[in-house]
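The lines below spell out each chain.
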Amino acid sequence: MFKATEIVAAAAANAEAECIEQLKKTDAIPLLMNFLLNQENVLCRDPTTVAAKLRKMVIGGAGKTVVISDFDYTLSRFENEQGERLSTTHGVFDDNVMRLKPELGQKFIDLKAKYYPIEFSPKLTMEEKIPHMETWWGTSHGLIINEKFSKSTIEEFVRQSRIVFRDGAEDFIQSLDAHNIPLVIFSAGIGNIIEYFLQQKLGAIPRNTHFISNMILFDEEDKACAFSEPLIHTFCKNSSVIQKETSFFHEIAGRVNVILLGDSMGDIHMDVGVERDGPTLKVGYYNGSLEDTEAMEHYEQVYDIVLVRDPTFTVAQKIVDVINSTH
Ligand code: TMP
Ligand code: MG
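Since we're looking at a predicted model, the values are computed, not measured.

Peer 1: Give a detailed account of the coordination of the magnesium ion (ligand 2), specifying residues and quantitative values.
Peer 2: With distances of 2.1 to 2.2 Å, the protein atoms coordinating the magnesium ion (ligand 2) are D70 (OD), D72 (O) and D263 (OD). You can call D70 buried: its relative accessible area is 4%.

Below you can see the structure in the form of structure tokens.
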């Protein structure tokens, strides 16, 4: 007599063997690698390693995959067609408050003008940047709480904002949901604003989508009164801020293969809270200057695939399509 666990294990082994056979026939990985390496805006320092990671991910299939993605300037676009900078989740306050209360709006804008260059400065170490990030987030959150913005005001701010999805990001999120691949949005931005944005753009937050982010807490009159703890800024996006009791953790247990999507150096450790022994494929959106070859080289060292000033989600979608197609 076989035990249920043995039957399940045998079925899994069979599915895996079948998948390996199918992979041999379909050329899915070489085709995907060919596509990647032929794109002008794709940098890939080590194609052999990328192909090996993809192979493991395809063999594991959707059931073994989780996507961990940054939001600001990763799922959302960095600039529009005219080259104008678009908004981050915090930036929703810059724009809208500027219209209503220019003095306060200017404070948000001044903070970004001062600290954004520090966040991306190649001259400072992460340790040197951290106190500045804590001051930036602390001051910005203090302004939001002091003003006691109401939930409905913030929802309206989001409606009027210049947050824009990268082309294809909406479909990407929907296709993950359709294939039961969990999406963890790990953001040092403001989680409520991402929620309102997804509700407004997609009609609802897909079941597969979860958040690790700074959440605005509201009082009984629905006025902003505090932020969730611990504070998440760009350089603490790792296991130190992940609460393992979070309800979705059971959903991602056993998901050994991670696709990590980010745009900053602070995003590369977003996978460390997930215990497992599978590969992480790190895809980095480089939004910086094309002249800054040093910065691009740095991205190439830490990300498996670097997408240079790519306003689309085409590459991430192709990777997920291949994972979904072979099982
Ligand atoms: P993330 O994209 O890594 O989650 O980080 C959030 C971004 O938000 C980061 O690039 C800094 C930016 N930010 C603002 O634009 N305005 C602010 O007030 C704060 C605190 C952060
Ligand atoms: Mg970002």
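Additional details are given in the paragraphs that follow.
Peer 1: Account for the side chain of N257, naming residues and giving values.
Peer 2: Tracing the backbone through its elements, the reader meets N257 in strand β7 (residues 257-262). A relative accessible area of 4% means that N257 is categorised as buried. With residues near it in sequence (within four places) discarded, N257 still touches K56, M57, G60, K64, T65, V66, G278 and P279.

Peer 1: Give me the lowdown on the sheet that holds strand β9 (residues 305-308), citing residues and values where you can.
Peer 2: Spatial ordering of the open sheet is given by β1-β9-β8-β7-β2-β3-β4, a layout of seven strands whose pairing is mixed. The open sheet has two free edges, formed respectively by β1 (42-43) and β4 (209-214), since each of these has just one partner strand. Across five bridges, the pairing between strand β3 (residues 183-190) and β4 is parallel. Its bridge partner lying in β4, V184 is registered against H210. Lying over the sheet, helix α13 (residues 314-325) contacts β1, β2 (65-69), β7, β8 (280-286) and β9, oriented at roughly 170° with respect to β7.

Peer 1: Break down the pattern of salt bridges for me, citing the residues and quoting the values.
Peer 2: Counted by the stated rule, this structure contains eleven salt bridges. Note that R77 and D167 form a salt bridge whose closest N and O atoms lie 3.6 Å from each other. Residue R77 is found in the loop between α4 (71-75) and α5 (91-100), and its partner D167 is found in the loop between α8 (151-159) and α9 (169-178); the two are separated by 90 residues along the sequence. Its relative accessible area of 8% is what places R77 among the buried residues. A salt bridge links D222 to K151; its shortest N-O distance comes to 3.8 Å. Within this pair, whereas D222 is found in the loop between β5 (216-218) and β6 (224-227), its partner K151 is found in helix α8, the two being separated by 71 residues in sequence. The exposure class of K151 is partly exposed, given its relative accessible area of 30%.

Peer 1: So, α8: which residues are in play, and what are the values?
Peer 2: Residues of α8 that are buried include every one of I154, F157 and V158, and no others. With its buried residues spanning 100° around the axis, α8 presents them on a single face. Looking at the buried side of α8, the elements it contacts are α5, α10 (191-202) and β5.

Rules behind the numbers
Residues numbered from 1 in each chain as written. Chains lettered and ligands numbered in written order. Predicted model: local features only at pLDDT ≥ 70, side-chain atom pairs only at ≥ 80, totals over all residues. Heavy atoms only, no water. Donors = N, O, S within 2.8 Å, 3.2 Å for Na, K, Ca; no water. Buried < 20%, exposed > 50% of the residue type's maximum accessible area, 1.4 Å probe, protein only. Helix = DSSP H or I, 4+ residues; strand = E, 2+ residues; numbered from the N terminus. Contact = heavy atoms within 4.5 Å. Pairing = 2+ DSSP bridges. Axes fitted to C-alpha atoms, helices over the stretch in contact; angles between N-to-C directions. Salt bridge = Lys/Arg side-chain N within 4 Å of Asp/Glu carboxyl O. Arc of directions from axis to C-beta.

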